[in-house]
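One letter stands for each residue in the lines below.
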Amino acid sequence: MKSATLGLPLFGNILGILLTLMLATIALAPPATGQSQPPWNLIPQPANVKPGSGALPVGANFTIAFTGHTESRLDRAADRFLIQLHRQTGLLLPKSARDAAQATLVVHTDHASKEIQELGEDESYSLEVTATGAKLNAANPTGVLRGLQTFLQLVEVSPNGFAAPAVTIQDQPRFAWRGLMIDVSRHFIPLDVLKRNLDGMEAVKMNVFHWHLSENQGFRVESRKFPKLHELGSDGLYYTQDEIRELVAYARDRGIRVVPEFDMPGHSTAWFVGYPELASGSGPYSIERKWGIFDPAMDPTNEKTYKFLDDLVGEMVKLFPDHYFHIGGDEVNGKEWDANPKIQEFKKSHNLKTNEELQVYFSQGLQKIVTKHGKSVVGWDEVFIPGAPKDIVIQSWRGQQSLAAAAQQGYHGILSNGYYLDLGWSAARHYAVDPMGGPAANLTDDQKKLILGGESCMWSEYVNAENVDSRIWPRNAAIAERLWSAQSTTDAASMYARLDAIGARLEWLGLTHRTYYHKMLQRIAGPATPEEFSALRTLANVVEPVKDYSREKTAAAEPTSQTPLNRVVDAVPLESDSGRHFSELVDKFLAGTCRDSAAANQLRRQFTLWTQNDATFVSLAQKSFLANEVVATSRDLAAIGNAGLRALDAIAASAPFSTDQLTQLNAVLAEAGKPKTQLLLMPVPAVRKLVDAASQSGTCTAAKP
Ligand code: ACM
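Just so you know, the residues in each chain are numbered from 1, in the order the chain's sequence is written. The predicted nature of this model means local features are confined to residues of pLDDT at least 70 and side-chain atom pairs, given and counted, to a pLDDT of 80 or more, with totals for whole chains, interfaces and linings taken over all residues. To obtain the side-chain values, all non-hydrogen atoms of the structure were used and water was disregarded.

Caption draft 1: Just the overall build of the protein chain, in detail. Labels follow the DSSP assignment, with helices taken as runs of H or I lasting at least four residues and strands as runs of E lasting at least two, numbered in each case from the N terminus. A tally of helices and strands in the protein chain yields 27 helices and 19 strands. Relative to the globule expectation of 27 Å for 705 residues, the C-alpha radius of gyration of the protein chain, 27 Å, shows essentially globular dimensions. Split into buried and exposed, the 705 residues of the protein chain put 58% on the buried side. It only takes one pair of heavy atoms within 4.5 Å for two residues to be counted as in contact. In the protein chain, 76% of the contacts between residues at least 6 apart in sequence involve partners at least 24 apart. Each accessible area is a Shrake-Rupley result for a 1.4 Å probe, and residues are judged covered by the shown protein chains and nothing else. For the protein chain, the accessible area works out to roughly 26,900 Å², and carbon and sulfur atoms hold 55% of it. For the protein chain, the distance from the average site of its 69 positive side-chain charges to the average site of its 77 negative ones is 2 Å. Two things to know: the radius of gyration comes from C-alpha atoms, and the globule rule equals 2.2 Å times the number of residues to the power 0.38. Burial status follows relative accessibility: with a 1.4 Å probe on protein chains alone, a residue under 20% of its type maximum counts as buried, one over 50% as exposed, and anything between as partly exposed. Charge counting follows a simple rule: Lys and Arg are positive, Asp and Glu are negative, and His as well as the terminal groups are ignored. Charged groups are reduced to one reference atom each: NZ for lysine, CZ for arginine, CG for aspartic acid, CD for glutamic acid.

What follows is the structure, encoded as structure tokens:
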């Protein structure tokens, strides 16, 4: 589940031609840095972009008007649009004046959307911006929502005020299912935090919010039929039914479907606190506080289990109007089944040889219940079983293979393997994973049609309301682009440039993925001097949490849901921008055979700062246990700064390192490269490249910068 399939970077020729045209004609285009520079900061990239000439001024007299089909959802969309435009520009934009003859932006909607948003519903739109006005046309309100976001992304500051470049865009998504899953069970995520994340999803045109509502660590929905589920299974942290309806309506307004997940038959300890009779063991059960895979599982042999689930699903489908209902199905270890003689007996009498076959039996029963209530099942890989109804959707988390295998047998699938946001991968690594990549590339055209898209997953062992935005954004925008834009849109440099821009825009929506950082560092620093705070920031900016599942393995004490998330590892972003920019600078310097003196000077300043940072950091570390925890990493940063300076000196003097010197520096780098307090020092590989380049066999010691 940790392997990513790398897509082949193909440059879109049409895009290249359009780009050249655009750069030649458009006053508002950003500075060109090469052919792969995208048109403006649109993310996801639209399907077709045809630059026009000039730009539409966006001033205080900007108005929006609607023609064709109207409904209150569009009125609310217009209000949101004007609020967002106000936040972007600071302009005071009156709500009134929606006269189409006068309006700056005229939106035409042909007809209503489906009453309940359907998978595959039309989301296309066309947007034409000229120097004198703009027109947005869509078949239905969902397409309008998508187009309004594109318009907002076009508006930029210019020397003459705010403006949107003249352009004609025809756009529609590549995949119908473009989701974000948030696990609200391991750590409870309050409703307002979810709402702002739905705003972020709308901004990048994602259309499915997969709400992972139950787990060993919490059952998070009010059930009136079975109140002990939330009363005893949630520590009081659950959503009322009114709140669920509120969020579903909020999502509907933004063109987002809400797919609830009730994970069964494993991952369900919290259910058993109130209803131990559902379980296969004898209990008693308490809410799980640890992370991992646990033994408790529903009793698949008891008719009462199915009666309970029938009643519960019947209650829950009334809260969640979407056609799809996620039943989980993942990671059942079977230990409670093995330990229960009654279940063993049942297996024998029903000729079920393995626990997998027993789970098939359970899944079939549950699928019948869900189908009876008018819904289709979504489940993790594990529900892909012979005989499953053909209308189920397989969510592939263990690998791309299962997605292709499901499609070969006529099942729909969505990809999540490669899109686990909690693993701490770079945006580029997620971006390189394509639902049609790997084994899916060899499917027939008809089989490919069964692949509906993908979902990023935010598992919440190490996230809470304070840092969750930063674990989702901005990297999630790269996944959103992968799922909306053409498969050939693969230029990571372009993606990163646009990610920076959307990162700023998302904060206007109320997301806190940037502002949280200062607050968390402030807590760590306490009453530090400005210099000490700055030293903490310098260090924090170049570290990342350890990747994949190594956080559990490297913890000093077993982490639980009670462990505070207040350490440096919780505060720093999962992808360090400074680390990435530093590596790019080293690559640029080396690509210029070390002759680029501006780059050399920049590197020297950086290394000097790192070597000097440690003394100030040490004085902070004496005041704060949270800072003190990372004091060894601060020392490592100073050491690699020193190694970098020595490499630059060796290159400048054309005096390559001797073997002994190289051995000594490699030892420094090896030490700095070891994860400490669950942190990786990101510049180490780039400094190593520089040291290698300065060695006898290196490429740069003959060339003075
Ligand atoms: C999963 O990650 N167990 C779906």
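Caption draft 2: Quick peek at the state of the cysteines. Here, two cysteine sulfur atoms that lie within 2.5 Å of each other are counted as a disulfide. In the structure shown here, the tally under the stated rule is 1 disulfide. Residue pairing for C594: its cysteine sulfur links by disulfide to C700, the two sulfurs lying 2.0 Å apart. Its S-S torsion of about 80° marks the bond between C594 and C700 as right-handed, since a negative value means left-handed. With C594 in the loop between α22 (577-591) and α23 (597-621) and C700 in the segment after α27 (684-693), this pair connects stretches of sequence that are 106 residues apart. When sorted by exposure, C594 lands in the same class as C700, which is buried.

Caption draft 3: Broad picture of the nonpolar core. If you look at the biggest cluster of nonpolar residues, it comprises 95 residues, and the most contacted ones within it are F209, W211, Y239, F262, W271 and F320. Look past the residues within four positions of Y239 in its chain and what remains in contact with it is V184, F188, I189, P190, L191, L194, W211, L213, R220, V221, E222 and I244. We call a set of buried Ala, Val, Leu, Ile, Met, Phe, Trp, Tyr and Cys residues a nonpolar core when their side-chain atoms join them within 4.5 Å. Residues A525, V572, L669 and L681 belong to the second largest nonpolar core, which totals 58 residues.

Caption draft 4: Structural context of the packing of helix α2 (residues 72-89) against helix α3 (residues 141-154). Throughout, an axis means a line fitted to C-alpha atoms (over the contacting stretch in the case of helices), and angles, computed between N-to-C directions, take values from 0 to 180 degrees. The interhelical angle for the contact between α2 and α3, taken along N-to-C directions, is 10°, at an axis separation of 11 Å. The orientation of α2 relative to α3 falls into the category roughly parallel. Listed contacts from α3 to R73, L74, A77, R80, F81, Q84, L85 and Q88 of α2 are P141, T142, V144, L145, L148, F151 and L152. Split by residue class, the contact of α2 with α3 holds 10 nonpolar, 3 polar and 2 charged. Note that the term roughly parallel is reserved for angles under 35 degrees, roughly antiparallel for angles over 145, roughly perpendicular for angles of 65 to 115, and oblique for everything else. Side-chain classes are defined by residue name, with Ala, Val, Leu, Ile, Met, Phe, Trp, Tyr, Cys and Pro counting as nonpolar, Asp, Glu, Lys and Arg as charged, and the others, Gly among them, as polar.

Caption draft 5: Layout of the packing of aromatic side chains. What counts as a ring pair is set by centres within 6.5 Å for rings of Phe, Tyr and Trp (its six-membered ring), and what kind of pair is set by the plane angle: stacked under 30 degrees, edge-to-face over 60, tilted for all other angles. Applying the stated criterion across every chain, the model contains 25 aromatic pairs. With a centroid separation of 6.0 Å and 40° between ring planes, the pair formed by Y516 and Y517 is classed as tilted. Its relative accessible area of 7% is what places Y517 among the buried residues. Between F582 and F607, the ring centres sit 5.7 Å apart and the planes meet at 75°, which makes this aromatic pair edge-to-face. Of this pair, F582 sits in helix α22 while F607 sits in helix α23, and the two are 25 residues apart along the sequence. We note that F582, like F607, is buried. Here the aromatic cluster, defined as three or more aromatic residues joined through ring pairs, consists of F188, F209, W211, F219, Y239, F262, W271, F320 and F325. The cationic tip of K228 hangs over the ring face of Y275; the distance from NZ or CZ to the ring centre is 5.0 Å. Two conditions define a charge sitting above a ring: the NZ of Lys or the CZ of Arg must be within 6 Å of the ring centre, and it must be within 35 degrees of the ring normal.

Caption draft 6: Geometry of the pattern of salt bridges. Note on definitions: salt bridges are taken to be side-chain nitrogens of Lys or Arg within 4 Å of carboxyl oxygens of Asp or Glu. Across all of its chains, the model carries 40 salt bridges by this definition. Here D434 makes a salt bridge to R174, at a shortest N to O gap of 2.8 Å. Here D434, found in the loop between α13 (427-431) and α14 (445-448), pairs with R174, found in the loop between β7 (161-171) and β8 (177-183); they are 260 residues apart in sequence, far enough to count as distant. Given the relative accessible area of 5%, D434 is considered buried. Across the salt bridge formed by E629 and R567, the nearest N and O atoms sit 2.7 Å from each other.

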